[in-house]
Amino acid sequence: METSHFINSIIEEDLRSGKHKEIITRFPPEPNGFLHLGHARAIITNYTMAKKHGGYFNLRFDDTNPVKEDVSFVDAIKEDIAWLGCQWDNLYYASDYFNEMYERALLLVKKGKAYVDDLTPEEIKEYRGDLTTPGKNSPYRNRSIEENLELFIGMKEGQFPDGSRVLRAIIDMTNPNMNLRDPVIYRIQRAHHHNTGDTWCIYPMYDYAHPIEDAIEGITHSLCSLEFEDHRPLYDWVVENCEMEAVPRQIEFGKLRISKSVIGKRYIKQLVDGGVVFGWDDPRLITLSGLRRRGVPPEAIRDFIFALGLPKSQGETEIDMLEQVIRDHLVMEVPRVNAVLEPLKLVIDNYPEGEVEYLECENNRDNEALGNRKIPFSKYVYIEQEDFVEEKPNKKWKRLALGVEVRLMHAYFVKANHVVKDEQGNIIEVHCTYDKDTKSGSGFDLRKPNGNIHYIDGTLNQIAEFRLFDDLITDFEDKEIPFIEKVNPNSMVVKQGYFEKDIHPEIGDRFQFTRNGYYAVDKDSNKEKLVFNRIVSLKATYK
RNA sequence: UGGGCUAUGGCCAAGUGGUAAGGCACCGGACUUUGACUCCGAGAUCGAUGGUUCGAAUCCAUCUAGCCCAGCCA
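Remember, it's a predicted structure, so these values are computed and weren't measured experimentally.

### Side note on the overall build of chain A
When you go through chain A residue by residue, the secondary structure sums to twelve helices and 27 strands. Relative to the compact-globule value of 24 Å for 543 residues, chain A shows a C-alpha radius of gyration of 31 Å, a clear excess of over 25%. In terms of principal-axis extent, the alpha carbons of chain A reach across some 100 × 55 × 40 Å. Buried residues in chain A amount to 53% of all 543 residues. At a minimum sequence separation of 6, the contacts of chain A that also span at least 24 residues come to 70%. Of the accessible surface of chain A, which amounts to about 25,200 Å², a share of 48% is contributed by carbon and sulfur atoms.

Below you can see the structure in the form of structure tokens.
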């Protein structure tokens with residue numbers, strides 16, 4: 001798979017020039033939510049860059065803020081990454097480095113590069129200035145090194161209440177880059193940490209912790225998204241002033257955006273917490289667990305990510321592209337079977353009552369390796385309601401209609417003669433006659449049918465539930481409407497219909513339903529009923 | 001209005017001075033026991049303007065538009 005983006009070029013240049021002998025990358029999720037498609041880009045990119053150049057790839061949980069994080073996410077994140085096929089070489093936690101971070105902070109204080117500030121959060125904000133106004137130095141900025149040392153140690157020893165003081169880097173309060181206006185690097189926060197328990201009551205801030213984590217692990221290229229570009233000078237400042245031996249390089253790439261979908265963790269969380277969806281693994285979500293449950297193969301996700309490249313531009317990719325990559329993956333790989341989602345009974349008047357034929361049927365016409373199977377056929381069958389109309393509407397109609405002959409795929413030509421309706425005028429039965437000379441496989445070619453439709457035998461079948469998914473969110477443009485009110489009430493439509501009798505799939509198994517789409521067996525299936533998720537429909541040039 | 005970044009057909013994206021790859025979508029057409037698949041074909045002068053050059057999407061200048069930054073979040 002082609003990966004010739006600008007980051008790849010930088011890496012190859014670093015290898016060629018001898019700057020690095022091996023490439024070490026990392027994926028540093030914060031364990032505070034589930035992974036989504038956007039993370040997939042980061043994971044796959046980091047993994048691929050390391051593996052392609054013979055290096056290694058670390059998974060590191062960026063757990064520097066215990067009040068926001070939870071172990072429950074750790075296992076889910078690991079599962080998602082493994083599912084994507086990006087097995088990490090090392091598993092680390094930022095919290096493993098708390099001690100070293102603390103020592104390096106001490107070093108900064110001793111070098112006169114950091115100070116303890118007693119300003120309240122509100123005051124810090126005031127002193128920081130704004131986008132066009134330079135900040136002012138904190139009155140505590142010129143404390144002596146000794147005093148700073150004592151106070152910072154005091155912070156660590158738990159002598160001060162939460163939020164009463166912070167450690168700040170001494171950089172430049174007038175810098176046009178807000179990140180350099182004496183950034184806070186340690187805060188006091190008495191919270192139980194999932195990894196370090198109650199050992200610490202001070203926790204490092206991301207901007208301080210991250211470069212140290214990278215340097216400790218010898219990360220050569222620290223990839224992140226565009227919003228951290230402004231943080232790079234601070235990243236470099238920390239590496240240099242903390243005197244880290246290894247010098248990782250931060251490189252930023254654009255975030256992934258997908259049309260007609262929500263990708264932000266906080267938006268997805270709203271949907272989950274609001275009970276709008278089943279959970280983080282709802283098939284309508286583009287979380288990795290949601291995509292997995294829906295039936296999307298991980299290879300398709302990787303191809304999709306590669307197909308997009310790794311730009312710094314800020315576009316939004318149409319979801320159709322993802323869907324097409326998924327189809328491309330499934331078309332040759334999965335069996336093509338039959339299902340009827342909205343059944344209409346077809347009675348073949350001249351077919352003997354009680355007789356059953358088992359007809360030969362390929363599992364995938366374009367992939368013989370998938371073998372054959374037999375499907376039953378008898379006097380009563382179900383076809384899709386949308387495959388019949390009383391009067392053929394136009395020349396392009398390639399389905400059944402009164403007086404029209406079509407082929408029931410793998411079986412015979414049938415011609416519709418009359419219908420039976422209920423009191424409300426709904427068609428409940430279509431009566432037709434079949435021509436026994438037209439049996440599939442017989443080589444009959446004296447007439448062309450008006451199309452080919454599929455069917456499920458009227459009694460030899462199993463009932464199934466089909467879940468069809470549509471856009472979760474509508475009205476993306478309207479910024480006035482609260483996000484949660486934009487949820488599409490028809491984002492999931494459930495149909496009860498029939499599936500072939502002799503196929504007994506496992507959860508997660510994927511199929512193409514002829515003339516309909518790709519489906520996967522959902523975990524809600526049970527002995528009484530199969531439940532299928534529609535992964536993606538077949539392309540339709542009619543309708 | 002301070003700083004950082006981005007700008008190639010409807011969407012994504014190659015291209016880094018030599019005369020616009022590819023994918024998705026769309027529109028034609030062929031094939032077809034899935035209106036699927038497959039296969040042909042159509043479609044941009046590169047945000048704007050001005051300059052440098054024999055020659056520019058690629059270099060320079062100016063402008064315009066969009067995104068990000070004022071957490072003791074990551």
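The discussion continues.
### Some points on unusual backbone geometry
One non-glycine residue with positive phi stands out, namely Glu243, at about 60°. Of note, Glu243 is situated in the loop between α8 (232–241) and β9 (249–253). Assessed through its relative accessible area of 44%, Glu243 is described here as partly exposed. Located in the positive-phi region is His410, a residue other than glycine, with phi close to 75°.

### Description of the confidence of the model for chain A
Scored by pLDDT, chain A comes out at a mean of 95, with 98% of its residues at no less than 70. Across the interface, the model reports ipTM at 0.95; the global pTM reads 0.95.

### Brief notes about the sheet that holds strand β18 (residues 405–408)
With respect to topology, seven strands assemble into an open sheet ordered β21-β18-β19-β20-β12-β15-β22, the strand pairing being mixed. Edge positions in the sheet fall to β21 (452–453) and β22 (456–457), since each has one partner strand and no second. Strand direction decides the pairing type here: strand β19 (residues 413–421) and strand β20 (residues 427–435), joined by eight bridges, are antiparallel. Among the inter-strand pairings, Val419 is bridged to a residue of β20, identified as Val430.

### Considering helix α4 (residues 98–110)
Since one α-helical turn is 3.6 residues long, residues separated by three or four positions face the same way. Under the 1.5 Å per step criterion, the end-to-end length of α4 is 18 Å for 13 residues, consistent within 8% with the ideal 18 Å. For α4, the complete set of buried residues consists of Phe98, Met101, Tyr102, Arg104, Ala105, Leu106, Leu108 and Val109. Note on α4: the residue one or two positions beyond its end, Gly112, has a positive phi of about 75°.

### Things to note about the pairing of strand β27 (residues 530–537)
Of all eight residues that make up β27, seven are buried, and the element is covered over most of its length. Note that strand β23 (residues 461–469) and β27 share four bridges and pair parallel. For Ala464, the partnering residue across the bridge sits in β27 and is Leu530. Examined bridge by bridge, strand β26 (residues 517–521) and β27 share five bridges and lie antiparallel to one another. What sits directly across from Tyr518, in β27, is Val536.

### Overview of the protein's contact with RNA strand B
In the vicinity of RNA strand B there are 62 residues, among which Pro311, Arg336, Ser440, Gln512 and Thr541 approach most closely. Each atom of RNA strand B within 4 Å of the protein was assigned to sugar, phosphate or base; sugar and phosphate come to 60%. A distance of 3.1 Å is found between a phosphate oxygen of RNA strand B and a side-chain nitrogen or oxygen belonging to Arg187. Gln512 is positioned such that a nitrogen or oxygen atom in its side chain is 2.4 Å from a base nitrogen of RNA strand B. For the surface near RNA strand B, the elements supplying multiple residues, two or more each, are α5 (121–128), β6 (184–188) and α12 (319–330). Its residues assigned to classes, the surface near RNA strand B shows 19 nonpolar, 20 polar and 23 charged.

### What about the environment of Ile453?
Locating Ile453 in the fold gives a position in strand β21. Placed 66 residues apart in sequence, Ile453 and Asp387 show a C-alpha to C-alpha distance of 7.2 Å. When residues no more than four places from it in sequence are discounted, the contact partners of Ile453 are Ile383, Asp387, Arg399, Leu400, Val406, Arg407, Leu408, Met409 and Arg515.

Rules used throughout
Residues numbered from 1 in each chain as written. Chains lettered and ligands numbered in written order. Predicted model: local features only at pLDDT ≥ 70, side-chain atom pairs only at ≥ 80, totals over all residues. Heavy atoms only, no water. Helix = DSSP H or I, 4+ residues; strand = E, 2+ residues; numbered from the N terminus. Rg over C-alpha atoms; globule rule 2.2 N^0.38 Å. Buried < 20%, exposed > 50% of the residue type's maximum accessible area, 1.4 Å probe, protein only. Contact = heavy atoms within 4.5 Å. Areas by Shrake-Rupley, 256 points an atom, 1.4 Å probe, with all protein chains shown as cover. pLDDT = per-residue confidence, 0-100. Pairing = 2+ DSSP bridges. Expected span 1.5 Å × (residues − 1). Near = heavy atom within 4 Å. Polar contact = N/O pair within 3.5 Å; in protein donor to acceptor, adjacent residues only side chain to side chain. Nonpolar A, V, L, I, M, F, W, Y, C, P; charged D, E, K, R; others polar.

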